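Here's the letter readout for the chains.
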Amino acid sequence: MKKVHNFNAGPCVLPDQAIDNSIEALKDFAGTGMAVIEVSHRSKEWSAVMDECRALWKELLNIPDTHEVVFLGGGASLQFLYVAMNFLENKAGYLETGVWAKKAYKEAKGLGNAFAVASSADKNFSYIPKGYVIPTDIDYFHITTNNTIYGTEIRYDMDSPVPLVADMSSDIMSRPVDVSKYALIYGGAQKNVGPAGVSFAIIRKDALGKVSRYIPTMLDYKVHIDGASMYNTPPVFPIFVMKETLKWLKGIGGVEAINRMNVEKSQILYDEIDRNPLFVGTAAKEDRSIMNVCFVMAPGYEALQDEFLEFAKSQGMVGIKGHRSVGGFRASIYNACPKESVEALVSCMQDFERKSK
């Protein structure tokens, strides 16, 4: 198979171990003589997968007994609506830090009174707002911890006077998290914890049941908790790959170890962006993401953008074109992206610098 360096923003690179084990499960799952995508989700073999996957989540993030983990279809975009359905009674506050934060905010506004507590739209979402005060009279405060399109990240667990809700689609399992500080953590799997097709929610159980509206059955978090993520047929194959991905993460030392690796990988790339006269980063340095490194051609070199993209492609770099809404470049260096790929991209940037002189 052709060797490439995968920097796609999602679906993204997965551990070889997870892919290989999942391929074997497609041939014969747990000695059943059936593929994992054929077996009944009510079978004891599948129940064991669900139990193991849930246990890995709880172990790796040190999730307290006050919280439960569920696996759902529909992606994080559907969970934007889940959040408002389950938590919005009177009004809600949102931190507006990018496209996905805006989309989450839009869903809440469609159901009730929601507003932006602070926003970084004034500078094209290139920084994380600071100095704002979280109102104490809101039902919840929603944040998007990592902004894939703009390359900013909230890398700490903030104190909130109201229930804190976080979309961690693109940085979950990349660092230790104090889950006890959150009423809800949710996201799509297709960055750090698996393939597209399944989403996760870590829910503080006593935060539910506070709204008076009717909640449609499939949008009620409590239904999925009570049903152990199997109220309806779950997305079995994505969950299996998720389990194998988390087994890989545990095997290399867990979130503490991967955080050290992620910081090192991102620093290697940011150092090159800051050194190389052809490129410039787009995010405020204090808010730079360790998951999505966004940069553009430096002033005076803009005409070289397409040439660099073609050169990078010829060197095996995949997925570094920036999001269509902002242009430039984006290297998504999620958990399973190896350090060697980051070093290869740095070498590519240096070669292009020499080539362009």
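From a predicted model like this one, the values you see are computed outputs, not experimental measurements.

Engineer: How would you summarise the packing of aromatic side chains if you had to cite specific residues and measurements?
Structural biologist: Counted under the stated rule, the structure contains 18 aromatic pairs. Ring centres 4.9 Å apart and planes at 25° place the aromatic pair Tyr 82 and Tyr 221 in the stacked group. Residue Tyr 82 is found in helix α3 (residues 75-87), and its partner Tyr 221 is found in helix α5 (residues 221-226); the two are separated by 139 residues along the sequence. One exposure class covers both Tyr 82 and Tyr 221, and it is buried.

Engineer: Residues and numbers for the packing of helix α7 (residues 254-275) against helix α9 (residues 339-356), please.
Structural biologist: Between α7 and α9, the shortest axis-to-axis distance is 9 Å and the interhelical angle comes to 10°. By the criterion of interaxial angle, the relationship of α7 to α9 is roughly parallel. Contacts between α7 and α9 involve Glu 264, Lys 265, Ile 268, Leu 269, Glu 272, Ile 273 and Arg 275 from the former and Lys 339, Val 342, Glu 343, Leu 345, Val 346, Met 349, Gln 350 and Glu 353 from the latter. Classifying every residue of the contact of α7 with α9 by side-chain character gives seven nonpolar, one polar and seven charged.

Engineer: Outline the UniProt feature "binding site: pyridoxal 5'-phosphate" (unreviewed entry) in the protein chain, supporting the account with residue identities and numerical values.
Structural biologist: In this structure's numbering, the residues bearing the UniProt feature "binding site: pyridoxal 5'-phosphate" (unreviewed entry) are Ala 76, Ser 77, Trp 100, Thr 148, Asp 167, Gln 190, Asn 232 and Thr 233. The greatest C-alpha distance among the residues just named is 30.9 Å, and with 158 residues of sequence between them they are spread in space as well. As for the second largest pocket, its lining draws on Ala 76, Ser 77, Trp 100, Thr 148, Asp 167 and Gln 190 from among the annotated residues. With respect to the helices and strands, Ala 76 occurs in helix α3. The class of Ala 76 is buried, set by a relative accessible area of 13%.

Engineer: Please give an account of the UniProt feature "domain: Aminotransferase class V" (unreviewed entry) in the protein chain that cites residues and values.
Structural biologist: According to UniProt, the "domain: Aminotransferase class V" (unreviewed entry) feature falls on residues 5-345. Overall, residues 5-345 shows 34% helix and 17% strand. The separation of its end C-alpha atoms is 8 Å.

Engineer: An account of the sheet that holds strand β5 (residues 141-144) is requested, with residue identities and associated values reported.
Structural biologist: Strand order across the open sheet formed by seven strands is β2-β10-β9-β8-β5-β3-β4, with mixed pairing between neighbours. The open sheet has two edge strands, β2 (67-72) and β4 (113-119), and neither has a second partner. Adjacent strand axes in the sheet meet at a mean angle of 20°, parallel and antiparallel pairs treated alike. Here strand β8 (residues 164-167) runs beside strand β9 (residues 184-188); their pairing, made up of three bridges, is parallel. Across the sheet, Ala 166 pairs through a bridge with Ile 185, a residue of β9. Lying on the sheet, helix α2 (residues 44-60) is in contact with β2 and β10 (199-204); it crosses β2 at an angle near 130°. With respect to the sheet, helix α4 (residues 99-111) is in contact with β3 (91-96), β4, β5 and β9, its orientation differing from that of β3 by roughly 165°.

Engineer: With reference to specific residues and values, describe the nonpolar core.
Structural biologist: Trp 46, Trp 57, Leu 61, Phe 141, Met 173 and Phe 308 are the most contacted members of the largest nonpolar core, which has 79 residues in total. Leaving out residues up to four positions away in the same chain, Phe 308 has contacts with Phe 279, Met 297, Ile 320, Phe 329, Cys 348, Met 349 and Phe 352. If you look at the next biggest cluster of nonpolar residues, it comprises 30 residues, including Phe 80, Tyr 140, Ala 207 and Ile 225.

Engineer: Quick rundown of the pattern of salt bridges? Include the residues and the values.
Structural biologist: Applying the stated criterion across every chain, the model contains 22 salt bridges. With a closest N to O distance of 2.9 Å, Asp 159 and Lys 181 form a salt bridge. You can see Asp 159 sitting in the loop between β7 (152-153) and β8 and its partner Lys 181 sitting in the loop between β8 and β9, a full 22 residues away along the chain. Overall, Asp 159 belongs to the exposed group, its relative accessible area being 61%.

About the thresholds
- Residues numbered from 1 in each chain as written.
- Predicted model: local features only at pLDDT ≥ 70, side-chain atom pairs only at ≥ 80, totals over all residues.
- Heavy atoms only, no water.
- Phe/Tyr/Trp six-rings, centres within 6.5 Å; stacked < 30°, edge-to-face > 60°.
- Helix = DSSP H or I, 4+ residues; strand = E, 2+ residues; numbered from the N terminus.
- Buried < 20%, exposed > 50% of the residue type's maximum accessible area, 1.4 Å probe, protein only.
- Axes fitted to C-alpha atoms, helices over the stretch in contact; angles between N-to-C directions.
- Parallel < 35°, antiparallel > 145°, perpendicular 65-115°, else oblique.
- Contact = heavy atoms within 4.5 Å.
- Nonpolar A, V, L, I, M, F, W, Y, C, P; charged D, E, K, R; others polar.
- UniProt positions renumbered as here; feature names shortened; annotations may be inferred.
- 1 Å grid on protein atoms, 1.4 Å probe; cavity = no way out; pocket = protein on both sides within 12 Å on 5 of 7 lines; lining within 4 Å.
- Pairing = 2+ DSSP bridges.
- Core = buried A, V, L, I, M, F, W, Y, C linked by side-chain atoms within 4.5 Å.
- Salt bridge = Lys/Arg side-chain N within 4 Å of Asp/Glu carboxyl O.

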